[in-house]
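# Coordinate analysis (summary)
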Amino acid sequence: MAMQREAGVQDFVLLDQVNMEKFMDNLRKRFQVGSIYTYIGEVCVSMNPYRQMNIYGPETIRKYKGRELFENAPHVFAIADAAYRVLKQRQQDTCILISGESGAGKTEASKIIMKYIAAVTNAQGQNEIERVKNVLIQSNAILETFGNAKTNRNDNSSRFGKYMDIEFDYKADPVGGIITNYLLEKSRVVQQQPGERNFHSFYQLLRGANDNELRQYDLQKETGKYHYLNQGSMDILTEKSDYKGTCNAFKTLGFTADEVHTIWRTIAAILHLGNVEFQTIEDELVISNKQHLQSTAKLLQVTESELSQALTKRVIAAGGNVMQKDHNATQAEYGKDALAKAIYDRLFTWIISRINRAILFRGSKNQARFNSVIGVLDIYGFEIFDSNSFEQFCINYCNEKLQQLFIELVLKQEQEEYQREGIEWTNIDYFNNKIICDLIEQPHKGIIAILDEACLSVGNVTDDTLLGAMDKNLSKHPHYTSRQLKPTDKELKHREDFRITHYAGDVIYNIKGFIEKNKDTLYQDFKRLLHNSKDINMSEMWPEGAQDIKKTTKRPLTAGTLFQKSMADLVVTLLKKEPFYVRCIKPNDIKSSTVFDEERVQHQVRYLGLLENVRVRRAGFVNRQRYDKFLLRYKMISQYTWPNFRAGSDRDGVRVLIEEKGFAQDVKYGHTKIFIRSPRTLFALEQQRNEMIPHIVTLLQKQVRGWIARRNYKKIKAAVTIMRAYKTYKLRSYVQELANRFRNAKQTRDYGKSIQWPQPPLAGRKAEAKLHRIFDFWRANMILRKYPRSEWPQLRLQIIAVTALAGRRPYWGQQRKWLGDYLANSMDNSGYEAYSTNVRKLKSSTPSGELFRQVLFSAFAKKFNKHNKQAERAFIITDTTIHKLDGIKKKFRDMNHTIAIKDLTSISVTPGRDQLIVFHSPDNNDLVFALQGETSTLKEDRIGEVVGIVCKKYYDATNTELRVNVGSNIACRLGEKPKTIVVEGAANVETPNFRHASGNIIFEVPSSYCV
Ligand SMILES: Nc1ncnc2c1ncn2[C@@H]1O[C@H](COP(=O)(O)OP(=O)(O)OP(=O)(O)O)[C@@H](O)[C@H]1O
Ligand SMILES: [Mg+2]
């Protein structure tokens, strides 16, 4: 970036003397070194440099971002940033009012401001915000194409007023906008002053579109061929490339191809319409050059005959009848031009409505509540032409209104406030232009009212009679005069001119055309014609054409009144916002970057009221705030006021804070507000506040985090309660369902065994297992209750036995009563006493009966041993062991061949009726017994009983099932030798016997024992 050498003072407030000479010196000096911006406090005075300045790039933007005004050299960026900061920090709407005469640089300034705002926002790079910014910037290209024209003062003069609200969300990112347009100078469409041109759009189409496109529109490249263009300048500007820019902007803004076609077709239609000529042949008005008529009709998408009718005749509804009346040539010419102007005007307004549709805020209604706006006003500057008409009258009136606003806000209100607040103050004189505003707008008496009255009167009211009425009513007004009132003034044309002494200078207006332009009539026929166009966009621009011809319509408001109303609305809008000013000055009329035209510049400085502005500013204060607001904003920077000031009023609190911080010299205390003189103090306060904010944020975060955690905890607790309730509910439902299903289980044959259990809830798995057990117990109980309780132990053993032998041994003594300890019974054992004595001995041979507690079974048995001998023995089964005892003759002595039940590897029995049982032991010395009576074979089967007892005890001890083998051949080991016991039935055998045969053991039984 080229270094700017700062010349003079950066703020006119710092001048050593405030007078015109010093002011001009400073302005000149700065202009000559290229310092085009200078402040008056927060007002930015901007000189048009008429050359490209290298002061708008990203480097500069960075320098100004978030900075106070006085921190950098004056720049319009700083104003934009100040407006943006107010919006961001205080959610206060702001506006930037750009004023100055034509060519002073208003539109350029407005574009610079928008680019700055676009550059400093959307840190997160959100797509929608990028789109909005792009659309806002691109909309300028379209507005300038259709609303700007080359004038003698400015090659790119805005011929309409523009106010744009840029809307920001709570993060201060632009999310939308809306453009309001004011009074387009539509007379330019049909006529231009020498050296000026029509709106850029016409030249862009002719010079930018390709041959193919032009052919579609029946157009030729030469601008000279078109009446609406060839009266003015034929200068060529940059329209060729601008046309492409416009087309791209249409695309960016989402205009449809149809809409773009409508637009260019309409422009072409206006050019053709301008070339339509009328001729009177034998008292009849005819159109002489039909091809232009045809093209116009084609492009407007209406029929040629309807268009021709509307141009040459007029339909009148009178007393319920509809009649046609021919135009004369003058009326037809007037009608044609009025049509061309109206079409262009409607097109322009319609284009703006389309742009608004693209940039309108798209968020929700809720969000909109928090949105703030920055308004940017770029409106036509004060104009004095050689010949000034109704348009200049309106434009200059607008400037009067804005000057009034400036006076109200900057000069008047400020001074009044000092007085109201009891601040010492010497009044500064300034010219209040309210008197001129009144001259124009006062009800009944003002120029607009007189004009309206003339337009409303029936009969032949001419511009001449209008001037007469004005003279009559306004003769005493100090700012109004005319030749009739001041006959010596040769400058004014007799019965044509009147002069208004505007705040910015004298302007002579020519009354010709005032009535017509104010009435702004367009024959109803044209409205109907265009409403009926096949082009729906065109039709949409003319809604009132739908009205019934016979219906008397209310007279539309005049152009003057409409303009006055729109100005009043604008002022209301602006008054709600905090204003920032850019006052543009044009250094010369020849667009030179070096010439400083003293007279022209001084004139502008004077009428912009800049000197008064400096005086008020110098005496004044940069900032004032209500005590309560001030305290709220800065209380955190003083120990006396944080968190609350309790030692008096807000005013006392503010005083304590200011004194503690050492700013007492720079402030004054009003009745309700504190006034701060210099920006530095305000800046220092802000800076200290900013330093404190992080601590406060931490504190708040702490609170909020605590609150969030507590809230979460409550949520979790609530969830747990809900879960618990839900679990209980599920369990209850499950139990309920169980109860339902098993309600009649007792009555069923299988006691509910076949009833399907419902699926338990996740939380009911354990409960289900328990319930199953309970159910099993219950069911067992139900089954068993038929048997006396004393039989239950036997039943139990029988169930074990039958389970172990199931299907493999049909005989297992199920029919009889199982007595267990048979040898203790005199019926079975004649030596039962000796047996009992010995068993008692055996039991007590170990301390506290560790060996066993109880004999569960005993029997006589034939035993086969490892020496291949059989012997008469007995054995007992206790709760833990199996003992081999000597036979009856030897009084049942223990033979020390004991196997612990838990150590058994399996037991084997045969499928037949014999009483053979083998206890397989781990030490490979199995016990092989054939049960028998004391003296004879057993009459009953006791094998099942043995199996039941041994299996149960084995299970009790090991929790696993003991393997039970059933087979006619039993493999066993005796003295470590593997042997096979083969059961053989023999017809002549009565008592079962073992015998040894070729390594195996034959167990001979009566053949009836075999299966
Ligand atoms: N900051 C600037 N830097 C360079 N050139 C500028 C600057 N401001 C204005 N100009 C030049 O001055 C010309 C006129 O400026 P601009 O169109 O902004 O005037 P205006 O005040 O909007 O006039 P009007 O009231 O006619 O619309 C621009 O086309 C440009 O050439
Ligand atoms: Mg402009």
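Residues numbered from 1 in each chain as written. Chains lettered and ligands numbered in written order. Predicted model: local features only at pLDDT ≥ 70, side-chain atom pairs only at ≥ 80, totals over all residues. Heavy atoms only, no water.

When you go through the protein chain residue by residue, the secondary structure sums to 31 helices and 31 strands. Whereas a compact globule of 1011 residues would reach a radius of gyration of roughly 30 Å, the protein chain reaches 58 Å, over 25% beyond that. Along the first, second and third principal axes, the C-alpha atoms of the protein chain reach 175 × 85 × 55 Å. Split into buried and exposed, the 1011 residues of the protein chain put 51% on the buried side. (Helix = DSSP H or I, 4+ residues; strand = E, 2+ residues; numbered from the N terminus. Rg over C-alpha atoms; globule rule 2.2 N^0.38 Å. Buried < 20%, exposed > 50% of the residue type's maximum accessible area, 1.4 Å probe, protein only.)

Right, let's get into the coordination of the magnesium ion (ligand 2). Summarising the metal site, the magnesium ion (ligand 2) is bound by the protein donors Thr-107 (OG1) and Ser-158 (OG), whose distances to it range over 1.9 to 2.0 Å. Pair noted here: Thr-107 is in helix H4 (residues 106-120) and Ser-158 is in strand S5 (residues 157-158), with a separation of 51 residues, a long-range link. Taken as a pair, Thr-107 and Ser-158 share a single burial class, namely buried. (Donors = N, O, S within 2.8 Å, 3.2 Å for Na, K, Ca; no water.)

On to a nonpolar patch on the surface, then. Judged by side-chain polarity, Val-704, Trp-707 and Ile-708 come together as a nonpolar surface patch covering roughly 270 Å² of accessible area. Given a relative accessible area of 48%, Trp-707 falls into the partly exposed group. (Patch = residues over 30% accessible without salt bridge, like charges linked within 9 Å, V, L, I, M, F, W, Y side chains within 5 Å. Areas by Shrake-Rupley, 256 points an atom, 1.4 Å probe, with all protein chains shown as cover. Salt bridge = Lys/Arg side-chain N within 4 Å of Asp/Glu carboxyl O.)

Take the pairing of strand S25 (residues 916-920) next. Along S25, 5 of the 5 residues are buried, which leaves the element largely enclosed by surrounding structure. Both faces of S25 are covered, namely the face carrying Leu-916, Val-918 and His-920 and the face carrying Ile-917 and Phe-919. Summarising the sheet, strand S24 (residues 906-909) and S25 pair through 4 bridges and their orientation is antiparallel. Across the sheet, the residue bridging to Ile-907 is Phe-919, located in S25. In the sheet, S25 pairs with strand S26 (residues 927-932) via 4 bridges, with the strands oriented antiparallel. Looking across to S26, one finds that Phe-919 is bridged to Leu-927. (Pairing = 2+ DSSP bridges.)

Attention now goes to the site of ligand 1. With respect to spatial proximity, 19 residues lie near ligand 1, and among them Ser-102, Lys-106, Thr-107, Ser-157 and Ser-158 are the closest. In this structure, an oxygen atom belonging to ligand 1 sits 2.7 Å away from a side-chain N or O atom of Thr-107. With the chains in place, 87% of the 620 Å² that ligand 1 exposes on its own is no longer accessible. The set of elements that each furnish at least two residues to the shell around ligand 1 consists of H4 and S5. (Near = heavy atom within 4 Å. Polar contact = N/O pair within 3.5 Å; in protein donor to acceptor, adjacent residues only side chain to side chain.)

The 4 strands lie next to each other as S28-S29-S31-S30, forming an open sheet whose pairing is mixed. Of all the strands in the sheet, the pair left with one neighbour each is strand S28 (969-974) and strand S30 (993-997). Put simply, the sheet's adjacent strands are angled 30° from each other on average, direction ignored. Sheet topology places S28 next to strand S29 (residues 977-986); 6 bridges connect them, and they run antiparallel. Bridging from a neighbouring strand, Leu-974 pairs with Lys-977 of S29. (Axes fitted to C-alpha atoms, helices over the stretch in contact; angles between N-to-C directions.)

This part covers the packing of helix H6 (residues 200-208) against helix H9 (residues 239-252). Two elements in contact, H6 and H9, have axes whose closest approach is 8 Å; the angle formed by their N-to-C orientations is 100°. As judged from the angle between their axes, H6 and H9 are roughly perpendicular. Where H6 abuts H9, its residues Tyr-203, Gln-204, Leu-205, Arg-207 and Gly-208 lie against Glu-239, Lys-240, Asp-242, Tyr-243 and Thr-246. Taken together, the residues of the contact of H6 with H9 sort by class into 3 nonpolar, 3 polar and 4 charged. (Parallel < 35°, antiparallel > 145°, perpendicular 65-115°, else oblique. Contact = heavy atoms within 4.5 Å. Nonpolar A, V, L, I, M, F, W, Y, C, P; charged D, E, K, R; others polar.)

This brings us to the pattern of salt bridges. All chains considered together, the criterion is met by 55 salt bridges. A salt bridge links Glu-108 to Lys-111; the shortest N-O distance between them is 3.7 Å. Here the residue Glu-108 and the residue Lys-111 both occupy positions in helix H4, the gap between them amounting to 3 residues, near one helical turn. Glu-417 serves as the salt-bridge partner of Arg-420, at 3.7 Å between the closest nitrogen and oxygen. Of this pair, Arg-420 and Glu-417 both sit in helix H15 (residues 390-420), separated by 3 residues, roughly a single helical turn. Of the residues examined, Arg-420 reaches a relative accessible area of 54% and is grouped as exposed. Overlapping salt bridges, with partners in common, bring together Arg-159, Glu-185, Arg-188, Glu-196 and Glu-383 in one network.

A few words now on the side chain of Asp-165. In this structure, Asp-165 sits in strand S6 (residues 161-168). Buried charged residue Asp-165 carries no salt bridge. Nearest counter-charge: Lys-577, at 4.4 Å. Reaching out from Asp-165, the side chain makes a polar contact with the side chain of Tyr-163 at a distance of 2.7 Å. Apart from the residues within four sequence positions on either side, Asp-165 is in contact with Gly-176, Gly-177, Ile-178, Val-373, Ile-374, Gly-375 and Lys-577. (Lys, Arg positive; Asp, Glu negative; His and termini not counted.)

When its domains are assigned, the protein chain resolves into domain 1 (631-703), domain 2 (704-786) and domain 3 (822-1006). For domain 1 and domain 3, the distance between their C-alpha centroids amounts to 108 Å. (Domains from an automatic or database assignment.)

A separate point is the environment of Ile-511. Here Ile-511 is to be found in the loop between strand S15 (505-510) and helix H19 (514-519). Residue classification places Ile-511 among the buried positions, given a relative accessible area of 1%. Distance from Ile-511 to Arg-495, taken between C-alpha atoms, is 8.4 Å for residues 16 residues apart in sequence. Once you skip the residues sitting within four places of it in the chain, Ile-511 turns out to touch Asp-463, Leu-466, Leu-467, Met-470, Arg-495, Glu-496 and Phe-498.

This part is about the packing of aromatic side chains. Following the criterion strictly, the structure yields 48 aromatic pairs and no others. Their ring planes at 85° and their centres at 5.6 Å tell us that Phe-390 and Phe-514 sit as a pair that is edge-to-face. Here Phe-390 is found in helix H15, whereas its partner Phe-514 is found in helix H19, with 124 residues between them in sequence. Looking at Phe-390, the relative accessible area reads 4%, which means it is buried. (Phe/Tyr/Trp six-rings, centres within 6.5 Å; stacked < 30°, edge-to-face > 60°.)

Here we take up the sheet that holds strand S20 (residues 855-864). Taking strand neighbours across the sheet as the criterion, the 8 strands line up as S23-S22-S21-S20-S26-S25-S24-S27 in an open arrangement whose pairing is mixed. Single-partner strands in this sheet number two, and they are strand S23 (894-900) and strand S27 (964-966). Each neighbouring strand pair of the sheet contributes to a mean axis angle of 30°, computed without reference to strand direction. Relative to S26, S20 runs antiparallel, the two sharing 5 bridges. Looking at the pairing, Lys-862 lines up with Ala-930 of S26. In the packing of helix H31 (residues 943-958) onto the sheet, the strands contacted are S20, strand S21 (870-878), S24, S25, S26 and S27, and the crossing angle to S25 comes to about 20°.

Spanning 31 residues, helix H13 (residues 329-359) covers 45 Å between terminal C-alpha atoms, matching the ideal 45 Å at 1.5 Å per step. For H13, the side-chain oxygen to backbone nitrogen distance between the N-cap and Thr-330 is 3.2 Å, and the N-cap itself is Asn-328. (Expected span 1.5 Å × (residues − 1).)

Another aspect to go through is H9. Spanning 14 residues, H9 covers 19 Å between terminal C-alpha atoms, matching the ideal 20 Å at 1.5 Å per step. Looking at the buried positions of H9, the neighbouring elements they touch are helix H5 (127-147), H6, helix H7 (211-216) and helix H10 (257-274). Gly-254 occupies a position one or two residues after H9 and carries a positive phi of about 80°.

Take the nonpolar core next. Residues Leu-27, Phe-146, Phe-202, Leu-311, Phe-393 and Phe-498 are the most contacted members of the largest nonpolar core, which totals 191 residues. Among the elements that make up this core, the one with the highest residue count is H13 (15 residues). Apart from the residues within four sequence positions on either side, Phe-146 is in contact with Leu-184, Phe-199, Ser-201, Thr-246, Phe-250, Ile-263, Trp-264, Ile-267, Tyr-344, Phe-348 and Ile-351. Phe-875, Ile-899, Leu-931 and Leu-962 belong to the second largest nonpolar core, which has 34 residues in total. (Core = buried A, V, L, I, M, F, W, Y, C linked by side-chain atoms within 4.5 Å.)

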